[in-house]
Amino acid sequence: MTYEQLYIDGVLMDTDEKTSILLELKSNLFADISKMVSNHTYTVKLPKTVHNMTVLGHADRPANTSVWPYTFHSARFFRNGVELIKDGRATLLSAADSLDIAIVWGLASPFEKLKGDIRLNQLGGGESIPWSTVNTPDTPSAFFARGYGYVGYTPWINDKTDEGWKGMDVTHTQDTVTAYHVNQGYTIDTGEKVGDIVNLNPEAKAGWGYLVLPFHLTSFVIMNHVVGGDGNNRLWSILDAYDRVLQISSASTSLQSTLLSAPANAAKLVININVVASQQDYVTMHRSVDDMTPASFGGQAGTSGGKYIHPSVSAKFVLEKIASKLGVTCQWSGDEETFINSLAIPLIKKKANSSSAALSANAVINPATDMGGLTMQVVGSNDIFVETPGTTVNQLTVARDCGVSLDVQATWSWDASDAVSHSSTEAKYGGSSRTMYQFIYFANYIEMTITRISGDDEVYIIGKQSAPSAHQVDQYSELLNNRFQHTIAGYGHIDLHAGDKIEFELKNKNGKLQDMRLSDGQINAIVDSSDDVLKGNNFPIVDNLPDIKVADFIKFLSAITGTWPLQKADGDTITFVPIATLWANIPNAVDWTRKVIPAHDSDKPKELDYKMDGWAQQNWYRWADDDTVIGDYDGHIDIDDETLDKSRDIFVFPFAATDGRNIPTYTRPIAAGTFGGSNVMSEATTEEPDYNECKPRIAAVRADANGKAELFFDINMQTILAEKYAHMASAMQDVRIIKDDVRLSNIEILNFDERTPVYLAQHASYFAVLEIKAAANGSAEVTMLKIK
Amino acid sequence: MRTITDQTSGITINYPDSLAFAFNPFLVEGIGIDTMSVAIVVDGQIKYIVDVQPFGNTGYADLQEYLQGLFTDIGNDIDYTEPMSESTHGMNVTISITAASGENEFGTSFTSYVVWGAVKPDGRDDFGRIRHLMWFKNYPFAFSLYCEADTAILFGNGAAPSSAQEITDEGIYNFAASNLGDAKYSIIYEYAGQLQQATFDNTFDLTFYLAQNVEQRPLLRIDADDCADEGIYLRWVDRHGYIAHWLFKVGDEQRQIAAVREFSRNAYTNYDTHYGWQRGSGRRQSMSRNDIVPLCAPLVTKEQFDYLQDVTSSPIVEMYAGKDENDNDRWVGVGVQPATYTKNRDELQDFVFNLITPETPIQSL
């Protein structure tokens, strides 16, 4: 005898003998990761009693305006007093002879919220951060505390650069010889083969030292009794202007009195010396040519410069956004949590939004009656200047790098009552004539001086700077209350840098006019804006997150951590546990030997299958395809079963892999330079680089040698599969899935934990439970996979 | 059926009488309408809205199922010590109608007292007919009456009224046995008007009340039986929403045992293999049990036969199970086995049916 109680929206429903509630509990452990499923019931047939129909808002009548069938309803189900379904969601499928209801629970309620089309860049929130062409990376702790900020990486695209053939002729000067000692305690990337782009950011390593030297045609280096490393820390490599390896030493080279000459297109020499193993910790450089012009040849290399890096967002910040926006918390623990918390997503896109572009500042120039420096105060909104609104200052200090449209206006006047006109002209008007009197004088103007942080001054004129030949000529008729009144203005686009100072000075070529008064001075500055984030704009954070579905992001994190979501959802928290947990729990397995209800007169299972749905011989976990990625970071689980399909993509990640620290988003501009009297191509410092959007990226964050955050990509899926999926892969080699009827009490069904394996003495094996179909009569059809 | 016509719009609404039954059609018909929206209002709150699209300017809505759903407190849970209590088997429902014809809108509303019951469709099922009840004095007893507003119920001790209860609001009321006197029977009357005292008041009885020119009609005859104390005492809700009681004689019980499932174990360690492998010892079974009790009301009148017939179709039948330790009555819900019943032309005949007691819990594996 079974007592079943089904509550919908908190109301006990009528049931009859046709209302069989068959529960299906699912484990997502071995399921295809892209198809996570929830526990669910088979169709529940409720009798059409008056009470039931009242609870369902009489949804069985077409004329009724009830919205009941179009919404989810809370469901609770008790069997013999045990609450088997706690946070279920019921839907009315149809109303026929009975009311057909379906209930999902477990992972469903939180996971349903993640489904749908909500994407990371739709999570909302007003976070933004000022962006410039050069951004200083945060420290890792500051970055993770804020959740977003700047993390160093190399933004350059490794383009093929065919400069064509060049002839060079270099004029030698006096040969200079310099001994360079290594910077001890660090190593630096040298690349591993010709063509690699290296990242010139030193890493701490005791017993080692590094050098990065300018290295041009005609230069040569002598290395004596030095020992280098292997891998990425070779003894030496020669780089071109793009930090690309031109020549490189072999691994673990030890050199004695070796001379290394510069190739024609060389730019830098990178050296790592094992100072413990070497007799010398220096190299000797011979130079006989003036330095390269422009001097910054190759200067954009490295990450510590922070040139053209976009903000990055920590994975944790995104998860918190998901929790606050969708109300679903995804929970990892232990190593997996640490790993996810170390991840950051560099923002590839740079779309502006209303908050990023509408930056401006307004200031008024205080009235003046004397010539010379003017005072002013910032009023209203101020996104550009350091000064506090309302405070009178002599100069404005720029707070951020930006391009601004600057509009300066002022009105000035002088008293001409005592003045005598310089000349007069007579004009004829149809027979009568009229005498015009002219006043000629030097007009006032304002000189705006921008003192650059580099020390250079730039002067802009507001009004007209009167040349001796260009006097102001005013007519007597233009006198207003015996005063001549002028409005002067200046307008234009100016690039400002943080720290620049702006001063205004009222000037006149000839001194001060009588009773001169300056009034109505205004300064309006508007930062450049476009659809893209420009220098000086605020970089919107969430809007520029990748266009990836929230559910795909969570599945990706689940895949790279080798975890699966438990069905037992605690409210709206989804708990992810490592796959290895199941094997680790074998000592705690439960013994279901005597619970099995045999289907045959033997000790064989009711049903035995040899295939797992959705798996092939080669099962790929792939990173998103991105042509700019050179390395291979995909992984696959191989199953030695020739009856399966050859190959299948289990999961194509929404992110692309990354080579080292290279997020290829900008093409370095190249300009003509000179070297030793000869014209060469070099990196341009003034031109803006071209922007190209690459596939979304994700990488870990660590501290560089300067303690600043930098990205590094270390997520090789094959390694992760070997480490985290090893047990699962071996269980997949000889799949044995059995189905048996098992006598499970309601308490056992309620407390069923996917993490706990089951032991069956009949089969002398351990099994993982994949599915439980629990009927009311106490027996359940259980699908199990042999794991040991 | 009632009718209202709006002169401006030409809309006619036909709607049910002021006394209606939740299990009979409750039709709101609009004639000359383009659209009509019918709202069901209880205690000032809109419960449901039904949209009616007409065909050829005429359309209707049958609200009976909505009305049925409004009764959330159906049952026999009455207090037998309370002399008079309002039944939960009836309620006032307001129907608010908004109809439109062209640019003219017409809104109206009406109220019906809805009884949780039904009348036969042949029109001969008189809701207000005189009924004949039996009061088994050894068991809890109460009776229900539908009363109109501003009337009085006179309780007779025998045929003569001996006490009165004034009714101000229309409704179904349950009256306890304490209203009845010691006579072998009691006649209950409806007095359609205000009860006025003449020389004497009703402190003692109603022997001298003022006979006015108002209708006084009998509603019930209740016969008292103070001897019977054996049998099964049932109560149920009849087709008119009234509460009913009867003490039945008991026949021989039948006990149905059915197999739920039977299976054997195949884990070899379950068996004692010292004497060979004995599979049979691993066989297990699970059963379920139902008890059926035949009940009889011997030699009842034709009227009482009809009255008892409702127990076989009532959705709520309960069996008296004595009193608990606090002297409260205990009632157990029971079922009635579906069957065909024959009512012959004899003046007195037996009424027999089968009662199904609740399933008996048994252990299972």
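The structure displayed is predicted, hence computed values, not measured ones.

K.L.:
I'm lost on the overall build of chain B in this one. Help?
P.N.:
For chain B, the count of helices and strands is two helices and 25 strands. Counting the 365 residues in chain B, one finds 46% classified as buried. Contacts spanning at least 24 positions in sequence make up 66% of the contacts within chain B whose residues lie at least 6 apart. Counting every atom, chain B has about 18,900 Å² of accessible surface; 47% of that belongs to carbon and sulfur.

K.L.:
Help me out: how do you make sense of the nonpolar core in this one?
P.N.:
One recurring pattern in soluble globular proteins: nonpolar side chains tend to sit buried together. Counting 95 residues, the largest nonpolar core has Phe30, Ile322, Phe553 and Trp623 of chain A as its most contacted members. It is helix 7 (residues 550-561) of chain A that provides the largest number of residues to this core, a total of seven residues. If we ignore the near neighbours within four places in the chain, the residues touching Phe553 of chain A are Leu120, Ala315, Val318, Leu319, Ile322, Ile345, Ile548, Phe655 and Ile698 of chain A. Judged by nonpolar contacts, the second largest core, of 51 residues, contains Ile188, Ile243, Leu295 and Tyr320 of chain B.

K.L.:
What should I look at first to understand the sheet that holds strand 26 (residues 360-365) of chain A in this one?
P.N.:
Two orientations exist for strands paired in a sheet by backbone hydrogen bonds: parallel and antiparallel. Residue and element names in this part refer to chain A. Strand order in the open sheet formed by six strands is 29-28-26-39-31-37, and the pairing between neighbours is antiparallel. At either end of the open sheet lies a strand with only one pairing partner, and these are strand 29 (392-393) and strand 37 (483-496). Pairing of strand 28 (residues 376-382) with strand 29 involves two bridges; the strand directions are antiparallel. Pairing of Gln377 across the sheet is with Thr392, part of strand 29.

K.L.:
In this structure, what is going on with the environment of Val379 of chain A? I would like to understand it.
P.N.:
All names here are of chain A. Here Val379 shows up in strand 28. Of the residues examined, Val379 reaches a relative accessible area of 32% and is grouped as partly exposed. Taking the C-alpha atoms as reference points, Val379 and Asn362, separated by 17 residues in sequence, lie 5.6 Å from one another. Contact partners of Val379, with chain neighbours within four places excluded, come to Asn362, Ala363 and Val364.

K.L.:
What's the story with the pattern of salt bridges in this structure? I'm lost.
P.N.:
Side chains that carry opposite charge are capable of pairing whenever their charged atoms lie near each other. Applying the stated criterion across every chain yields a total of 35 salt bridges over all chains. Glu65 of chain B is paired through a salt bridge with Arg61 of chain A; the nearest N and O atoms lie 3.5 Å apart. With Glu65 of chain B in helix 1 (residues 64-70) and Arg61 of chain A in the loop between helix 1 (50-55) and strand 6 (73-79), the pair connects residues from two separate chains. Given the relative accessible area of 19%, Glu65 of chain B is considered buried. Measuring nitrogen to oxygen at the nearest pair gives 3.0 Å for the salt bridge that ties Lys507 of chain A to Glu447 of chain A. Of this pair, Lys507 of chain A sits in strand 38 (residues 501-508) while Glu447 of chain A sits in strand 34 (residues 444-451); the two residues are 60 residues apart in sequence, bridging distant segments of the chain.

K.L.:
Can you walk me through the packing of helix 4 (residues 315-326) of chain A against helix 7 of chain A in this structure?
P.N.:
All names here are of chain A. The geometry of helix 4 relative to helix 7 is characterised by a closest axis approach of 12 Å and an angle of 135° between their N-to-C directions. Relative to helix 7, the element helix 4 is oriented oblique. Every pair of crossing elements has a handedness; the one defined by helix 4 and helix 7 is left-handed. Residues Ala315, Val318, Leu319, Ile322 and Leu326 of helix 4 pack against Val550, Phe553, Ile554 and Leu557 of helix 7. Broken down by class, the residue content of the contact of helix 4 with helix 7 amounts to nine nonpolar, no polar and no charged.

K.L.:
Help me understand the sheet that holds strand 4 (residues 27-31) of chain B in this model?
P.N.:
Residue and element names in this part refer to chain B. Ordered in space as 1-2-4-7, the four strands form an open sheet in which the pairing is antiparallel. Either end of the sheet is taken by a strand with one partner, and the two such strands are strand 1 (2-5) and strand 7 (58-62). The mean inter-strand angle of the sheet, taken between neighbouring strand axes irrespective of direction, is 15°. In this structure, strand 2 (residues 12-15) lies alongside strand 4, joined through three bridges in antiparallel fashion. Each bridged residue has a counterpart across the sheet, and for Ile13 the counterpart in strand 4 is Gly30.

K.L.:
Is there a simple way to think about helix 7 of chain A in this case?
P.N.:
It helps to recall that an α-helix has 3.6 residues per turn; residues three or four apart then point in one direction. The end-to-end C-alpha distance of helix 7 of chain A, which contains twelve residues, comes to 17 Å, matching closely the 16 Å that a straight helix rising 1.5 Å per residue would cover. After helix 7 of chain A finishes, the residue Gly562 of chain A shows a positive phi value of roughly 65°.

K.L.:
Just to check I follow, could you spell out the confidence of the model for chain B for this structure?
P.N.:
The predicted structure's coordinates, where accompanied by low pLDDT, should not be read in detail. All names here are of chain B. Counting all residues, the mean pLDDT for chain B is 83, and 86% of those residues have values of 70 or more. Mean pLDDT across the elements of chain B bottoms out in strand 20 (residues 254-263) (77) and peaks in strand 2 (93). Note on residues 272-281: pLDDT under 50 across the span, and eight contacts to partners over four residues away in sequence or across chains. For this predicted complex, the interface confidence comes out at an ipTM of 0.71, alongside a pTM of 0.68.

K.L.:
What should I look at first to understand unusual backbone geometry in this one?
P.N.:
A positive phi is found at Asp9 of chain A, a non-glycine position, where the angle reads about 50°. Here Asp9 of chain A is to be found in the loop between strand 1 (4-8) and strand 2 (11-12). Looking at Asp9 of chain A, the relative accessible area reads 38%, which means it is partly exposed. Unusually for a residue other than glycine, Asp43 of chain B sits at a positive phi of about 50°. The exposure class of Asp43 of chain B is exposed, given its relative accessible area of 76%.

K.L.:
What should I look at first to understand the environment of Phe55 of chain B in this one?
P.N.:
Residues and elements named next belong to chain B. With respect to the helices, strands and loops of the structure, Phe55 is situated in the loop between strand 6 (45-52) and strand 7. Since its relative accessible area comes to 77%, Phe55 is described here as exposed. Here the alpha-carbon distance between Phe55 and Asp34, two residues 21 residues apart in the chain, equals 8.8 Å.

What counts and what doesn't
Residues numbered from 1 in each chain as written. Chains lettered and ligands numbered in written order. Predicted model: local features only at pLDDT ≥ 70, side-chain atom pairs only at ≥ 80, totals over all residues. Heavy atoms only, no water. Helix = DSSP H or I, 4+ residues; strand = E, 2+ residues; numbered from the N terminus. Buried < 20%, exposed > 50% of the residue type's maximum accessible area, 1.4 Å probe, protein only. Contact = heavy atoms within 4.5 Å. Areas by Shrake-Rupley, 256 points an atom, 1.4 Å probe, with all protein chains shown as cover. Core = buried A, V, L, I, M, F, W, Y, C linked by side-chain atoms within 4.5 Å. Pairing = 2+ DSSP bridges. Salt bridge = Lys/Arg side-chain N within 4 Å of Asp/Glu carboxyl O. Axes fitted to C-alpha atoms, helices over the stretch in contact; angles between N-to-C directions. Parallel < 35°, antiparallel > 145°, perpendicular 65-115°, else oblique. Left-handed = near helix turned anticlockwise from the far one by under 90°. Nonpolar A, V, L, I, M, F, W, Y, C, P; charged D, E, K, R; others polar. Expected span 1.5 Å × (residues − 1). pLDDT = per-residue confidence, 0-100.

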